[in-house]
Amino acid sequence: MQRIVVLTGAGISQESGLQTFRGADGLWNHERIEDICTPQGFQRDPLRVDRFYNGLRARLPTVHPNAAHLALAELERAGREGRWDGQVTIVTQNIDDLHERAGSRNVIHMHGELLRLRCTACRATPAWRTDCFPDTPCPACGQPTLRPDIVWFGEIPYHMEAISRHLAACDLFVAIGTSGVVYPAAGFVDSVAGHADTMLFNLKIPSGPSAFDQAIAGPATRTVPAWTRDLLEA
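All of these numbers come straight from a predicted model, not from anything done at the bench. (Residues numbered from 1 in each chain as written. Predicted model: local features only at pLDDT ≥ 70, side-chain atom pairs only at ≥ 80, totals over all residues. Heavy atoms only, no water.)

Draft legend 1. Representation of the UniProt feature "binding site: NAD(+)" (unreviewed entry) in the protein chain. Following the UniProt record, one finds the feature "binding site: NAD(+)" (unreviewed entry) at Gln-93, Asn-94, Ile-95, Asp-96, Gly-177, Thr-178, Ser-179 and Ala-220. Along the chain, the position of Gly-177 falls in the loop between strand 6 (172-176) and helix 8 (188-191). The exposure class of Gly-177 is buried, given its relative accessible area of 11%. In contact with Gly-177, other than residues within four places in its own chain, are Gly-9, Ala-10, Gly-11, Ile-12, Phe-201 and Asn-202. By the element assignment, Thr-178 lies in the loop between strand 6 and helix 8. Accessibility expressed as a relative area gives 7% for Thr-178, which makes it buried. For Thr-178, the side chain forms a polar contact with the side chain of Gln-93, separated by 2.8 Å. (UniProt positions renumbered as here; feature names shortened; annotations may be inferred. Helix = DSSP H or I, 4+ residues; strand = E, 2+ residues; numbered from the N terminus. Buried < 20%, exposed > 50% of the residue type's maximum accessible area, 1.4 Å probe, protein only. Contact = heavy atoms within 4.5 Å. Polar contact = N/O pair within 3.5 Å; in protein donor to acceptor, adjacent residues only side chain to side chain.)

Draft legend 2. Molecular detail of the environment of Val-151. Relative to the assigned elements, Val-151 resides in the loop between strand 5 (146-150) and helix 7 (160-169). For the pair Val-151 and Glu-113, spaced 38 residues apart in sequence, the C-alpha to C-alpha distance is 8.8 Å. Not counting residues up to four positions away in its chain, the partners in contact with Val-151 are Met-110, His-111, Gly-112, Ile-156, Pro-157 and Tyr-158.

Draft legend 3. Quick look at the sheet that holds strand 1 (residues 2-8). Pairing is parallel across the open sheet formed by 6 strands, whose spatial order is 3-2-1-6-7-8. Each edge of the open sheet is held by one strand with a lone partner, namely strand 3 (107-109) and strand 8 (214-217). Within this sheet the neighbouring strands show an average axis-to-axis angle of 15 degrees, counted without direction. Bridge count for strand 6 against strand 7 (residues 197-202) is 5 bridges, and the pairing is parallel. By the bridge assignment for strand 7, Val-174 is matched with Met-199. Contacts from helix 5 (residues 67-80) reach strand 1, strand 2 (86-92) and strand 6, with the element oriented near 145 degrees to strand 2. On the sheet, helix 7 packs against strand 1, strand 2, strand 3 and strand 6 and is oriented at approximately 130 degrees with respect to strand 1. (Pairing = 2+ DSSP bridges. Axes fitted to C-alpha atoms, helices over the stretch in contact; angles between N-to-C directions.)

Draft legend 4. Highlighting the environment of Pro-219. With respect to the helices, strands and loops of the structure, Pro-219 is situated in the loop between strand 8 and helix 9 (220-233). It is 36 Å that separates the C-alpha atoms of Pro-219 and Gln-40, two residues lying 179 residues apart in sequence. Excluding residues within four positions of it along the chain, Pro-219 makes contact with Glu-15 and Leu-203.

Draft legend 5. Examining the packing of aromatic side chains more closely. Counted under the stated rule, the structure contains 6 aromatic pairs. Note on Phe-42 and Trp-152: the rings are 5.5 Å apart at their centroids and 40 degrees apart in plane angle, and the pair reads as tilted. Of this pair, Phe-42 sits in helix 3 (residues 39-44) while Trp-152 sits in the loop between strand 5 and helix 7, and the two are 110 residues apart along the sequence. For Phe-42, a relative accessible area of 16% translates into the label buried. For the pair Phe-201 and Trp-227, a centre-to-centre distance of 5.5 Å together with 50 degrees between the ring planes defines the contact as tilted. On the criterion of sequence distance, the pair formed by Phe-201 in strand 7 and Trp-227 in helix 9 is long-range, its members being 26 residues apart. Pair check on accessibility: Phe-201 and Trp-227 agree, each one buried. The cationic tip of Arg-147 hangs over the ring face of Trp-152; the distance from NZ or CZ to the ring centre is 3.8 Å. (Phe/Tyr/Trp six-rings, centres within 6.5 Å; stacked < 30°, edge-to-face > 60°. Lys NZ or Arg CZ within 6 Å of the ring centre and 35° of its normal.)

Take a look at the structure:
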């Protein structure tokens, strides 16, 4: 059985119409990282942070999974149904739900989820689709101590032990739509050296030496479906 770990970043969601954080017209060009993406920023002005994430959450229903999301979901489904001898685990840096809406089940959100909140009092993580404000009570304990369930700068990404297990067991590591420069995700390709092949799909391939065995340039909506078709037809 082929075991594939797919790391996805902002580039795959950008093709669905979601703004990236770091791009030329990224969200961080309009807000200071220190104000909206740090625990200290939330302490200083929780209303500002809540309003920022409320806006992102309200936008989610207006965008839809694209061909790359759907291709990954189909590859996973083919493995479950026995049409392909393989298994796909998606590790995503994205906080949207596009992988799940496309049909993927094995999705690990290392930076949290926009459609989930976290209570700093009781640690509950309720699913959430509406606005949240500093006085919104936690549905589990009733305290007004909710925050976005997002990994901010200075915080440890989620599920690192599970991610490490999948990386150690995989024989193919694929990165899609991610710059690969932010740790710990930037170290994933090095961690599989010696036991897994590696592939990079990105709009532009960085110049210079690469840690990846193979790099494919172009929009993920074109390159990823072509790759998954080849796997299913092999």
